[in-house]
Amino acid sequence: MRIHFCGVRGSSPAPGLEYVRYGGHTSCLALAHDGASAPTLILDAGAGIQRVSTLLDGGAFTGTVLLTHMHWDHILGLPFFAAADRQDARVDVLLPEQDGDKDAEGVFETIMSPPYYPIAPGELSGRWTFASIAPGERRIEGFDVLVREIPHKGGRTFGYRVSDGRSAVAYMPDHCPTVLGFGEDGLGAYHPAAVELARGVDVLVHDAQLFPEEFPAQANYGHAVADYAVALAAHAGARSVALFHHAPERTDDQLDGLARRLGEGASPAVSVATEGSTLEL
C-alpha cells in the first residue's frame, strides 16, 4: 500500500516559518492500494485532508474517511475537502460510536451548522453518508481494518490497524498510555489494545506529542511521549515507527533534534512524520 502523510500536527494547525519543513496541517493520512492512482481510504480529517485533493489530480474523491475521534484537530478539514464537496464525489464517513441518542450525522451537525459553520453536513455536494462503527474487524475500501478502543482524554477514541493482505500500518495518533499506570520506564503502561494493533506491523504511526521533559506536567493531558512510541513499537515487534501528532509549538529545529536523538541507529527504525511525504509498504 501507499501512505500519504497529508497532516502530521496535533491539537491545532501551526502556520509560520518555524514549521515549514515538517508541516503545519493537523492529522490526516491517505491510503492507496498498490498500483492505484488515487487514495480511497483516509484516516482522520484534520486540516491535512485539504492536501488529498491535490493527490487526485482534479478528480473527485470516492472512498471512506475513517475518524479516530471527534476532537477538532481531527475533523476541522472535512468541510474544506474540495475533492469531496462536488456532485461526482462519494464520501462515506465513519466515526466511533458515541454516547447519547444522536446518530453519526447528528454528531457532526452539533459542530457543523450555524452559528458554528454556515452549512450542515447534509448540504455538502455529492453523495455523503455518515455512520458509526464499533470495535471489531471490518472490510473498508478493500482493506482489512482492525478497530480497537484506546485511552485518550475527552471522548471515545479508536486506533486502527489497516492491511492490504501483504503489509500493515497501525494508526494511533492520540493515545494516553498512563491510564493503566506509568509502566516499567515511567512513561506509561502498554495497553493491550495498543499492543494488539501494533503487533508485527510494517509501520506504527503513533502519538509523539510530548518530549520527556514535558511529561511530568502533562502526563494526564491525553498524549504520549515520543520515547514511549518507540518503546511500544519494539515491544509489539513493529518493523518501524513514525512519530506523529507533533505539538503545535514544536519547531522544525526541535523535530530535527528528535530525529537525531531517537532515529540514529534505532531498532526498530524511527522516522519523524513529515507532511507531504509518501511511504510505500
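The structure reproduced in this document is the subject of the present report. Given the structure is predicted, the values throughout are model-derived calculations rather than measurements.

What the rule picks out here adds up to 9 aromatic pairs. Here F61 and F81 contribute two aromatic rings whose centre-to-centre distance is 5.3 Å and whose plane-to-plane angle is 50 degrees, an arrangement assigned as tilted. Linking F61 in the loop between α1 (52-55) and β4 (62-66) with F81 in the loop between β4 and β5 (90-96), this pair joins segments that are 20 residues apart in sequence. Given a relative accessible area of 0%, F61 falls into the buried group. For the pair F182 and F215, a centre-to-centre distance of 6.1 Å together with 80 degrees between the ring planes defines the contact as edge-to-face. Note that F182 is positioned in the loop between β10 (168-172) and α3 (192-198) and F215 in helix α4 (residues 215-218), a separation of 33 residues in sequence. We classify F215 as buried; its relative accessible area is 7%. The structure contains a cluster of three or more aromatic residues connected by ring pairs, namely F5, Y171 and F244.

Moving on, we get to the environment of P151. Here P151 shows up in the loop between β8 (143-149) and β9 (158-163). Ignoring any residue separated from it by four or fewer positions in sequence, one finds P151 in contact with D174, H175, C176, V179 and H191.

What follows deals with helix α5 (residues 226-236). The periodicity of an α-helix, 3.6 residues per turn, causes residues three or four positions apart to be oriented the same way. Counting buried residues along α5, 8 of its 11 residues qualify, which places the element largely inside the surrounding structure. Buried within α5 we find A226, D227, Y228, A229, V230, L232, A233 and A236. Next to the buried residues of α5 lie β10, α3, β11 (203-207), β12 (240-244), α6 (252-263) and β13 (269-272). Phi for G237, located one or two positions after α5, is positive at around 75 degrees.

With that settled, consider the pattern of salt bridges. Applying the stated criterion to the full structure yields 14 salt bridges. D34 is paired through a salt bridge with R166; the nearest N and O atoms lie 3.4 Å apart. Linking D34 in the loop between β2 (28-32) and β3 (41-43) with R166 in the loop between β9 and β10, this pair joins segments that are 132 residues apart in sequence. Judged by relative accessible area, which is 54%, D34 ranks as exposed. Between E275 and R51 there is a salt bridge, with the nearest N and O atoms lying 3.2 Å from each other. Of this pair, E275 sits in the loop between β13 and β14 (278-280) while R51 sits in the loop between β3 and α1; the two residues are 224 residues apart in sequence, bridging distant segments of the chain. Taking relative accessible area as the criterion, E275 reaches 16% and is therefore assigned buried. Residue R51 is classed as partly exposed on the basis of its relative accessible area, which comes to 34%. Put simply, R21, D253 and D256 are held in one network by salt bridges that share partners.

On to the sheet that holds β14, then. With mixed pairing, the 7 strands of this open sheet are ordered in space as β6-β5-β4-β3-β2-β1-β14. Taken across any chain shown, the strands that pair with only one partner, and hence form the sheet edges, are β6 (127-133) and β14. When the angles between neighbouring strand axes are averaged without regard to direction, this sheet yields 20 degrees. Here strand β1 (residues 2-7) runs beside β2; their pairing, made up of 5 bridges, is antiparallel. Looking at β2, one finds that R2 is bridged to A32. The sheet strands contacting helix α2 (residues 104-111) are β5 and β6, and the helix crosses β6 at an angle near 105 degrees.

In the sheet, strand β7 (residues 136-140) pairs with β8 via 5 bridges, with the strands oriented antiparallel. Bridge pairing in β8 places E137 opposite L146.

The rules behind each value
Along each chain, numbering runs from 1 in the same order as the chain's sequence is written. In view of the model being predicted, local features appear only for residues whose pLDDT reaches at least 70, and side-chain atom pairs are presented and counted only at 80 or more, with totals across whole chains, interfaces and linings using the full set of residues. In computing side-chain properties, one takes all heavy atoms of the structure into account and sets aside hydrogens as well as water. Paired rings are identified among Phe, Tyr and Trp, the last through its six-membered ring, by centres lying within 6.5 Å, and are further divided according to the angle between planes into stacked (under 30 degrees), edge-to-face (over 60) and tilted (the rest). In DSSP terms, a helix is any run of H or I states spanning at least four residues, a strand is any run of E spanning at least two, and both are numbered starting from the N terminus. Any residue under 20% of the maximum accessible area for its type is buried, any over 50% is exposed, and the rest in between are partly exposed; the area is computed with a 1.4 Å probe on protein chains only. Any two residues whose heavy atoms approach within 4.5 Å are treated as being in contact. The term salt bridge refers to a side-chain nitrogen of Lys or Arg lying within 4 Å of a carboxyl oxygen of Asp or Glu. A pair of strands is treated as paired once DSSP finds two or more bridges between them. In this analysis, axes come from line fits to C-alpha atoms, helices being fitted only over the stretch in contact, and the angle between any two N-to-C directions falls in the range 0 to 180 degrees.

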